[in-house]
Structures are given as C-alpha cells and as structure tokens.
Amino acid sequence: MSKELEDLFLEVLKQNKQKLFRICSVYSKNSEDTKDLLQEVFINIWKSLPTFRSKSSIETWIYRITLNTCLRFRSNAIKKRGRFISTDNFNDLGEQTQVEHSKQKEKLIQLRHCIGQLNKADRAVITLYLEKLPYKEISSITGLTENNIAVKIKRIKKKLLICINKTS
C-alpha cells in the first residue's frame, strides 16, 4: 500500500477512533470483545481503503464499514452465545459524586440493554444518532431516506423510553 494511503488510514483512525470504539461497544458484550471488534474494524478499513472512491465522505464510508463489521460480529455472537448486554467502557464522568456516577452508570446500562433489544436496523440508526451524525449522513450510511431516518428515530426513542421505564 502506498505511503499516501497509509497516511490517510492513520489520520482517519486518529480522528475517529473514539467514535468507532463507542459504536463497537454497543455491539459487543464486554471490553475485550469491544477491543477485538475495533481491531476487526481497523483491519476491514485497511483492506478496503484502496477501493475508496470518494462518492461519500471518508467518515461516512468508515461508519458504513464499522456498522457492517459490527452487524456481522453481532450475528455471529448471537449464534455462539445468545443475547448480550454491554456494560463496559463508560466515559469519564468528571467531578460527579460516587452516587451520581452510580446513577449515571445505571441509566447507561439500562439504555444499552434497551438498545440491545432493538432490531438490527433500528440499532444501527440509533447508534449513529447517538454519535451525533446528521440525518443526511445516517441516510447515506444506512441507505434509508432522511425522512425515514427522522421517523425511525422518533419511533425508536419511544420504544427506548418504554423499555427504560419498564426496567426502572
């Protein structure tokens, strides 16, 4: 691979590693699986980089690779192990007290559990939405229209709220 592609690869990973990690964490059972999945994503990006044709932004393209890799991983994990609930990899919550931290952690666990119960398409849409991607980019990644994305997000939020209220 050329030095140009290698530099592009390193720059893309540097700029997007945390987002890719968070997406992977939604689809994995624990921190070790998340790390393995992230490595698989990196490998797939590396292998596919020579085929990138700039029809979309590089970020949109790597999110598509990430989601496809995660969905394959998730499908294989279900076949092997059954259901999952990911509760690892919480971001630093700053100066919060231990009680606030525990409450925040519990809410995140509930949210991840509820996201894990969604179908593949809804899980992909809400994961990208939580990464603060614009509807246009989510549309490009998933192949759905922007209007469909907006409707799906509204419906997914309702499903998640109902799920969270049931588990509270």
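Residues numbered from 1 in each chain as written. Predicted model: local features only at pLDDT ≥ 70, side-chain atom pairs only at ≥ 80, totals over all residues. Heavy atoms only, no water.

*Asks:* How should I be thinking about the overall build of the chain in this particular structure?
*Replies:* The secondary structure content of the chain amounts to 7 helices and 0 strands. Going from the N terminus to the C terminus, the chain shows its helices and strands as α-α-α-α-α-α-α. Across the 168 residues in the chain, those meeting the buried criterion constitute 37%. Long-range pairs, those at least 24 residues apart, make up 67% of the contacts in the chain with a sequence separation of at least 6. Working note: accessible area of the chain is about 10,200 Å², and carbon and sulfur atoms make up 51% of it. (Helix = DSSP H or I, 4+ residues; strand = E, 2+ residues; numbered from the N terminus. Buried < 20%, exposed > 50% of the residue type's maximum accessible area, 1.4 Å probe, protein only. Contact = heavy atoms within 4.5 Å. Areas by Shrake-Rupley, 256 points an atom, 1.4 Å probe, with all protein chains shown as cover.)

*Asks:* Please explain the packing of helix H5 (residues 120-130) against helix H6 (residues 135-142) as it appears in this structure.
*Replies:* Contact geometry for H5 and H6: axes closest at 10 Å, N-to-C directions at 145°. In the crossing of H5 with H6, the sense of the turn from one axis to the other is right-handed. In contact with Val125, Leu128 and Tyr129 of H5, H6 contributes Tyr135, Ile138, Ile141 and Thr142. Grouping the amino acids of the contact of H5 with H6 by side-chain chemistry returns 6 nonpolar, 1 polar and no charged. (Axes fitted to C-alpha atoms, helices over the stretch in contact; angles between N-to-C directions. Left-handed = near helix turned anticlockwise from the far one by under 90°. Nonpolar A, V, L, I, M, F, W, Y, C, P; charged D, E, K, R; others polar.)

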